[in-house]
Amino acid sequence: MNREGDRVLSNKNNSNFMIRRLHSLIAVIPVGIFVCVHMLLNSSVFISGNESYLALINFMKTAPFVVILEVVVIAIPIIFHGLYGIYIVYLAKNNALKYTYYRNWAFYLQRITALIVLVFLIWHVWVLRLSTHEPQLVINTLAGLLHNPVTFALYIIGVVASMYHFANGLFTFCITWGICVGDRSQKVFATVAGAFFVLISLFAIAILVKISIMPLA
Amino acid sequence: MVNPQFIHLKVKRRSNPTAAPYWEEFKVPYQPNMNVVSVLMEIRKNPINAKGEKVDPVVWECNCLEEVCGACTMLINGVPRQSCSALTDKLLEQYGENNVITLEPLTKFPVIRDLMIDRQLMFDNLKKVKAWVPVDGSWAIGRGPRLADKVHQWAYPISRCMTCGCCMEACPNVNSKSKFIGPAAVAQVRLFNAHPIGAMHKDMRLEQLVKKGGIQECGNAQNCKRVCPKNINLTAHLAAMNRQTNGYGFRQFLMGDK
Amino acid sequence: MNKGKVIVIGGGLAGLMATMKIAEKQVPVDIISLVPVKRSHSVCAQGGINAALDTKGDNDTIYDHFDDTVYGGDFLANQTPVKGMVEAAPGLIYAMDRMGVMFSRTAEGLLDLRLFGGVKNRRTAFAGATTGQQLLYACDEQVRRLEVAGYVNKYEGWEMIDLIIDDNGVCRGCVAQNLATMEIKSFIGDAVIIATGGAGMIFGKSTNSVINTGSAASIVYQNGVPFSNAEFIQIHPTGMLGTDKTRLMSESARGDGGRIWTYKDGKPWYFLEEKYPAYGNLVPRDIAARAIYDVCVIQGLGIDGKNQVYLDLSHLPADYLNKRLGGIMEIYENFYGDDPRKVPMKIFPAVHYFMGGIHVDWNHMTNIPGLFAAGECDYMYHGANRLGANSLLSALYSGTVAGPAALKYIKGLGKLAEETSKSLGDAVVKKQLEIHNKLTKMSGKENPYKLHEEMGELMTKNVAIVRYNKALAETDVKLQEFQERWNKINIVDSNAYSNQTVMFARQLKNMMELARVITLGALNRNESRGSHYKPDFPKRDDEKFLKTTMAQWTPNGPKFSWEEVDISHIKPRERNYSVDKKVDKEASK
């Protein structure tokens, strides 16, 4: 009997799968890790404000090939994740108002925050990395932004959206990579991700508030 | 206890696949213990709309009326479900005695007429993922393989999937823009990959799951599990298949087709 | 080389099994089915499928299965085909197991078996309480695989409306109509296998699906094939009355420990256990149905004064019930609202299965060469009463007989239909187009759905559990009146696209033909045997009626003749479930 239908065909057609998995993976490694390090470095403002932060930045800048690292480990993954992410956002036909389940809202918010984060990042990187690169100038610019209530609010929105996108993304990452399979593990990890979102958001907001109350240089 | 005079229906109708849709209302004398199917059956016995005009009876699909064939799926007050198990008393209890029960065809499939839709897409997806055990033939060649009761416990519910389309309807990633085959077909792969003979041909199905429109299109909105009339744990099955396809993809990447 | 082609009408278990048998020999098959085959009525079968696997230490044998089936069928079944079926049963179930049917398992991973009615040994393999669904899905999957391989073409959403029979009386295909576009098209083939199931819709409300009108079988009958033993209609003792249908509560509920009772003098009365101590709640269906009817209708002891008694599972542990009977627990909960794990279910007998059907030879071919029938629509395996869990078996088994028989028949053909029958097909299409056009213009005052309801009520009242000759004669007069009234029906739907009313009107006309066969068959048979019960003739009468009823269509109604039953293996003996069945061990050798 002809078993044509059963034959394993050559595996040339999985590029979409591979890209999607890459899209998921790089969001955590290296981008997620970078975000954590970034926040940790920023939290140096709690030690002795401006000075400790500047000292740390200047130290970081002495590392070799810093620009190459920035491009390969940070810029390219983020640009890929962002651009392909727009396509993923486009693919969904959201129905959170019809199916008002918690996970469906989370799914919808993940896409909304994706767009917010994208705009925020362009702004953030342009203002604090591309247009100026002198540490003292950068921190002055940031402090200036955070002293203005409007830009402060925008900044908070951008940062909280980023943290949501990160925390919820971590949860779906665990499903996408087959780590959380059963109901129980999914439930437990959803709670963990929720708590993570709250903590990391508070942490980020605290940093921003701290900078906003530092005297302008 | 609800006891209205009429059951008030509002049906989204369409006289053929290319005609424009329109809404029509019906008032059917109330009887206790009705379901949406029996209300529609009353309409065809006396096809008169709420305005008292003679109209064509509403066309819909139904067959077993026991919620095992999957035919009579439609949107009832916006929720995808079988109209045979949509008891009117319960609907009126839930939405209020004066509720106008709305009936619409599922939106993710082509409409044939009124509430009747064409779900061929779902059967085609079963072809795509090769949802079968490739036995040598149907002849008697002795006892089949043993299967642990424990595996039966979780696999049997997947085999109760009646291809009704509720999960497809609720999934935000199943739409005209995406090619996602949907949760039902993915879960079937887990079923056949669990069967001792089916497992010998795991890769044949996994290969299909990583093609365009495959499992990677799942966005974890998890509506599928919420609307499944058979309570199939689709989200767990999707996650398990994520694990299997990742392993498969990794193996393929490192070792080629071996 | 052209190997010919087979057309299978109906995509339930029998049709799909026949398809599989033919397509795996690389002969192409066209399947014509009203619904996507995965939604066929076979999905409704709940309890299980019988085979003497003898894996539960009950010393079950194939002979026991054979004897139980023949005894249960009150000796009206032809014994040689039944013997073939029970012998093939274990192999069939193992094949289905290999195809991935999720049968329930024992602790060591073998097929678990449960007890069923009319039987003392555990013999019924099952997949929870959705065995029919699981078996059908496995067949559906295998056929889908053959479809991908190019051997099967499915025409889902098509209804067979006529046969193509050439001048030599040989079947060369059929004509079918598309339910959406209403297109009428001929399907030329060398053999046609009818596998269209039962006809519960004739009784209005039954446990059957709405597609089970018997229309296709009626068309075959009207083309000159005898319809046999139509009067034997199985009434399932445990149905649940609804406004749209009577839903089935599987016999497995009793097989797994369920008890039937009602109140008598204020105390629970387990009347089946009292009346039939040997089999208790697991007497065959005809006996249980009559006992419940007697308790409710004659003695007036139904629960709440209504026609209902309790089917009680509430004494069994909930996890045991969920595991073994989850499917029907769900149905009762969803459709009735009560939890059967906590309170007894209310049930009453309901029309369930047609033992009779299209007359075929032992290779499942009809008297029209090239035309076969398999599954519930044939008359072969169940005699006067079918044992529980034998229907899935007979559906599958008859498919495994009819498929290869059709192949063998094609091999013996001189010329293939494709070469000879195109113009024949066109002529039938033309005839049916005219009928269709006439139908669509019918504008009398009878609503076909109301007429159907009336007929169903009449049939259920007079031709179901208990039958009296006077009522049967009146029913036949009424049925002829209905046929007259049919000429004045109104096709209430003016739409030319996907017109369900036109299709239903056609089915209704065909149902009326069969309704008369059932009624007159029952009128003629002045005895009580299996499901056919006449209080005026309470005994079985082998001398006069150990015969197969055969009805031949004529324009003036059915003409009856009788055929001897094959009793070459087991000598008929009295059927009595109050005491243990005595197997004639001498005869079994």
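Further up the page is the structure itself.
What comes next concerns the included structure. Nothing here was measured: the structure is a model prediction, and the numbers come from that model. (Residues numbered from 1 in each chain as written. Chains lettered and ligands numbered in written order. Predicted model: local features only at pLDDT ≥ 70, side-chain atom pairs only at ≥ 80, totals over all residues. Heavy atoms only, no water.)

1. As for the overall build of chain C
1) Next: The secondary structure content of chain C amounts to 16 helices and 21 strands.
2) Next: By the compact-globule yardstick of 25 Å for 589 residues, chain C fits well, its C-alpha radius of gyration being 23 Å.
3) Next: Counting only C-alpha atoms and orienting by the principal axes, one finds that chain C spans roughly 70 × 55 × 50 Å.
4) Next: Considering chain C as a whole, with its 589 residues, one finds that 69% of them fall into the buried category.
5) Next: Of the roughly 19,300 Å² of accessible surface on chain C, 51% is carried by carbon and sulfur atoms.
6) Next: Here chain C contributes 70 positively and 68 negatively charged side chains, and the mean placements of these two sets differ by 1 Å. (Helix = DSSP H or I, 4+ residues; strand = E, 2+ residues; numbered from the N terminus. Rg over C-alpha atoms; globule rule 2.2 N^0.38 Å. Buried < 20%, exposed > 50% of the residue type's maximum accessible area, 1.4 Å probe, protein only. Areas by Shrake-Rupley, 256 points an atom, 1.4 Å probe, with all protein chains shown as cover. Lys, Arg positive; Asp, Glu negative; His and termini not counted. Charge placed at Lys NZ, Arg CZ, Asp CG, Glu CD.)

2. Overview of helix α13 (residues 448-462) of chain C
1) Next: With 15 residues, α13 of chain C extends 21 Å between its outermost C-alpha atoms, agreeing within 8% with the 21 Å of an ideal straight helix rising 1.5 Å per residue.
2) Next: Considered for burial, the residues of α13 of chain C that qualify are P448, Y449, L451, H452, M455, G456, L458, M459 and N462 of chain C.
3) Next: Buried residues in α13 of chain C make contact with α1 (36-45) of chain B together with α14 (469-486) and α15 (500-524) of chain C.
4) Next: Where α13 of chain C begins, one side-chain oxygen reaches toward the backbone nitrogen of Y449 of chain C, 2.7 Å away; that side chain belongs to N447 of chain C. (Expected span 1.5 Å × (residues − 1). Contact = heavy atoms within 4.5 Å. Polar contact = N/O pair within 3.5 Å; in protein donor to acceptor, adjacent residues only side chain to side chain.)

3. Some details on the interface of chain B and chain C
1) Next: Counting from both sides, the interface comprises 77 residues of chain B and, opposite them, 75 residues of chain C.
2) Next: Summed over both partners, the interface of chain B with chain C comes to about 6,400 Å²; 52% of that surface belongs to carbon and sulfur atoms.
3) Next: Between D149 of chain B and K323 of chain C there is a salt bridge, and its shortest N-O distance comes to 3.2 Å.
4) Next: The tally of links from chain B across to chain C stands at 43 residue pairs in polar contact (both at pLDDT 80 or more).
5) Next: Looking at the side of chain B that touches chain C, the elements with two or more residues in it are α1, β6 (111-113), α3 (120-128), α4 (149-158) and α6 (183-194) of chain B.
6) Next: Grouping the constituent residues of the side of chain B that touches chain C by class yields 41 nonpolar, 20 polar and 16 charged. (Buried area = accessible area lost by both parts, 1.4 Å probe. Salt bridge = Lys/Arg side-chain N within 4 Å of Asp/Glu carboxyl O. Nonpolar A, V, L, I, M, F, W, Y, C, P; charged D, E, K, R; others polar.)

4. Things to note about the packing of helix α6 (residues 135-147) of chain A against helix α7 (residues 149-176) of chain A
Residue and element names in this part refer to chain A.
1) Next: At a minimum axis separation of 5 Å, α6 and α7 run at an interaxial angle of 100°. Here α6 lies roughly perpendicular to α7, going by the angle between them. Here α6 contributes L142, L145, L146 and H147 to the contact with α7, which in turn contributes P149, T151, F152 and Y155.
2) Next: Considering only residue class, the contact of α6 with α7 consists of six nonpolar, two polar and no charged. (Axes fitted to C-alpha atoms, helices over the stretch in contact; angles between N-to-C directions. Parallel < 35°, antiparallel > 145°, perpendicular 65-115°, else oblique.)

5. Things to note about the pairing of strand β4 (residues 79-82) of chain B
Residues and elements named next belong to chain B.
1) Next: Residue alternation in β4 divides its side chains into a buried set, P80 and Q82, and an unburied set, V79 and R81.
2) Next: The pairing of strand β3 (residues 73-76) with β4 spans four bridges and is antiparallel. From the neighbouring strand, L75 faces β4, where its bridge partner is P80.
3) Next: Between β3 and β4, which pair antiparallel in sequence order, lie two residues; one of them, N77, sits at a positive phi of approximately 50°. (Pairing = 2+ DSSP bridges.)

6. As for the packing of aromatic side chains
1) Next: On inspection of all chains with the given rule, the structure shows 31 aromatic pairs over all chains.
2) Next: With 6.4 Å between their ring centres and 25° between their planes, Y87 of chain A and Y90 of chain A make a pair best called stacked. Of the two residues, Y87 of chain A and Y90 of chain A both sit in helix α4 (residues 66-91), three residues apart, roughly one turn of that helix.
3) Next: Clustering of aromatic rings is evident, with ring pairs tying together F80, Y84, Y87 and Y90 of chain A.
4) Next: Across from the ring centre of F187 of chain C, 4.9 Å away, lies the NZ or CZ of K185 of chain C, which sits over that ring.
5) Next: Stacked on the ring of Y353 of chain C, the Lys or Arg R386 of chain C has its end atom at 4.1 Å from the ring centre. (Phe/Tyr/Trp six-rings, centres within 6.5 Å; stacked < 30°, edge-to-face > 60°. Lys NZ or Arg CZ within 6 Å of the ring centre and 35° of its normal.)

7. Notes on the sheet that holds strand β14 (residues 259-264) of chain C
All names here are of chain C.
1) Next: If you trace the six strands from one edge of the open sheet to the other, you get β13-β12-β17-β16-β14-β15, paired in antiparallel fashion. Both edges of this open sheet fall to β13 (246-248) and β15 (267-269), since each of them pairs with a single strand only. For this sheet, the mean angle separating the axes of adjacent strands, direction not counted, is 55°.
2) Next: Where strand β12 (residues 233-241) lies against strand β17 (residues 345-354), five bridges are found, and the strand directions are antiparallel. Among the inter-strand pairings, I235 is bridged to a residue of β17, identified as V351.

8. Looking at the state of the cysteines
All names here are of chain B.
1) Next: Following the criterion strictly, the structure yields zero disulfides over all chains and no others.
2) Next: This cysteine, C166, is not joined by any disulfide, and C164 carries the nearest cysteine sulfur, 3.7 Å off.
3) Next: The exposure class assigned to C166 is buried, which follows from its relative accessible area of 0%. (Disulfide = S-S within 2.5 Å.)

Just geometry here; none of it tells us what the structure is for.
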